[in-house]
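Architecture and fold: a report
For reference, the chains in residue letters:
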Amino acid sequence: MTAAPQRAVVAFDAFKGSLTALEACEAAARGIRSVVPGAEVVLVPMADGGEGSLDALLARGGDEVVTETVDAIGRPARARWALDGRSAVIELAQAAGLPQVEDAPLQPLAASTAGLGRVVLDALDRGAVELTLLLGGSATSDGGAGLLTALGARLTDASGRPVQPGGGGLAALEHLDVSGVDPRALAARWRFVTDVDAPLTGPRGAAAVFGPQKGAGPDDVRALDAALERFARIGAEALGVDAASVIDVPGSGAAGGVASVLRALTGGDVVAGGAWFAELAGLDAAVLGADVVLTGEGRFDGQSAGGKVVSVVHATAERHGVPLCVLAGSVDADAAAAMGVPALSIAAGPATLDALQRDAGDLLAAAAASVARLALGAGRLGVTDAR
């Protein structure tokens, strides 16, 4: 009786600046089959709502649409999104993402989600009645105020003038009027897919954790945190809800707080991005009965445990009793120990970031081959794509 081939599941997030999720999976599969030709390799491209999520989604099908809009600092930009019938999936990073503005001085207090609002309006114009926002990779910390304004809300100061764009402008906010919000937006079903489970404010909130990577210094972080809390409390009062239902919802701090006041206004659902994509991609069924699972991302650190791809794949593998190894561009040993997973950097030795990004595919393939030598047997290759 012939033994069944050894089976590996490769379920990678994108390596930002280097590989899409699909390219990462293909590189790992190439490495595995180079040393274990008989292994069955199941490809499960993953995402968590952050930058690159749209590409992972489009890899599974759907129509791509492009909207003329502006980036987080108001410059002309083109945002890609997906439309399937009357269901739109919009990646915030396409219209208010950090990579779009890295060629200019960062503006942590003024960066706005107004461009995202233009994309949402285009989706409504095209007949969308279900709106899924992929929230991650933002350059903004405005609580979604720019998006709300684009939809018709009025955010005004004590004299009745519109507040300035960005999270910094919210410090002067006195009134939120949602009576002019586009009725199509209110009638739509909203889903907020978040790449982290952070609350809106506090030491784990949008400003404290993610503000520095958007250019916020210590004083900016304090100002943004106070402004976001002000926005949440005034928004809650305007909507007749408890402030805690705006501030403390897990994921409300994702992408600078987009899923805070807007979620309360629309009654939308906040869902963990990694888990949402895992279900979409059939991760659970793919892992069941596997001999090893490989996952990873560009940087594996303390944030990886907060609902991101690595943590979701780890939980799935653990539930089925399948060994797992994390492969990443850089690895925080403390984060790996805290999660209780073996984690390896794909770097073969000291290297510049440019070199790592340039050679990421080959380096990932080599690292996957090393794991496969230890985890799998030999035989004849079969490759299965779970997309």
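Moving on: the overall build of the chain. Along the backbone of the chain there are 16 helices and 16 strands. For 387 residues, the compact-globule estimate of 2.2 N^0.38 gives 21 Å, and the C-alpha radius of gyration of the chain, at 22 Å, lies within 12% of that figure. With respect to the principal axes defined by its C-alpha atoms, the chain has extents near 80 × 45 × 35 Å. Of all 387 residues assigned to the chain, the portion counted as buried reaches 54%. In the chain, the share of contacts with a sequence separation of at least 24, taken over all contacts with a separation of at least 6, comes to 75%. When the accessible surface of the chain is summed, it comes to about 15,500 Å², and 52% of that surface belongs to carbon and sulfur atoms. Where the 29 positive side-chain charges of the chain centre and where its 45 negative ones centre are 3 Å apart.

With that settled, the discussion passes to the nonpolar core. Counting residues in each nonpolar core, the largest one holds 59 residues, and the members touching the most others are Val120, Leu131, Leu133, Leu135, Leu155 and Trp190. The leading source of residues in this core is helix H8 (residues 218–239), at 6 residues. Among the nonpolar cores identified, the runner-up in size contains 30 residues, and Ala8, Ala24, Cys325 and Ala372 belong to it.

Moving on, we get to the packing of aromatic side chains. If you walk through the whole model with that rule in mind, you get 3 aromatic pairs. Measuring from ring centre to ring centre gives 5.8 Å for Trp190 and Phe192, while their planes differ by 15°; the resulting arrangement is stacked. Across the pair, Phe192 and Trp190 agree in class, each one buried. Considering the side-chain rings of Trp276 and Phe277, the 5.0 Å spacing of their centres and the 90° angle between planes classify their relative orientation as edge-to-face.

Size it by volume and the largest pocket reaches roughly 1,000 Å³. Along the walls of the largest pocket sit 37 residues, with Phe15, Lys16, Glu51, Gly298 and Arg299 positioned nearest its centre. The dominant element in the lining of the largest pocket, judged by the number of residues it contributes, is helix H15 (residues 353–358), at 3 residues. Within the lining of the largest pocket, the residues separate by chemical class into 12 nonpolar, 14 polar and 11 charged.

Let's shift gears to the packing of helix H1 (residues 21–35) against helix H16 (residues 360–375). Interaxial distance between H1 and H16 falls to 7 Å at its minimum, and their mutual angle equals 45°. One way to sum up the angle between H1 and H16 is to call them oblique. Between H1 and H16 lies a crossing whose hand is right-handed. In contact with Ala24, Ala27, Ala28, Arg30, Gly31, Ile32, Ser34 and Val35 of H1, H16 contributes Gly361, Asp362, Leu364, Ala365, Ala368, Ala369, Ala372 and Arg373.

What counts and what doesn't
Residues numbered from 1 in each chain as written. Predicted model: local features only at pLDDT ≥ 70, side-chain atom pairs only at ≥ 80, totals over all residues. Heavy atoms only, no water. Helix = DSSP H or I, 4+ residues; strand = E, 2+ residues; numbered from the N terminus. Rg over C-alpha atoms; globule rule 2.2 N^0.38 Å. Buried < 20%, exposed > 50% of the residue type's maximum accessible area, 1.4 Å probe, protein only. Contact = heavy atoms within 4.5 Å. Areas by Shrake-Rupley, 256 points an atom, 1.4 Å probe, with all protein chains shown as cover. Lys, Arg positive; Asp, Glu negative; His and termini not counted. Charge placed at Lys NZ, Arg CZ, Asp CG, Glu CD. Core = buried A, V, L, I, M, F, W, Y, C linked by side-chain atoms within 4.5 Å. Phe/Tyr/Trp six-rings, centres within 6.5 Å; stacked < 30°, edge-to-face > 60°. 1 Å grid on protein atoms, 1.4 Å probe; cavity = no way out; pocket = protein on both sides within 12 Å on 5 of 7 lines; lining within 4 Å. Points joined across faces, edges and corners; volume = space filled by probe spheres on them. Nonpolar A, V, L, I, M, F, W, Y, C, P; charged D, E, K, R; others polar. Axes fitted to C-alpha atoms, helices over the stretch in contact; angles between N-to-C directions. Parallel < 35°, antiparallel > 145°, perpendicular 65-115°, else oblique. Left-handed = near helix turned anticlockwise from the far one by under 90°.

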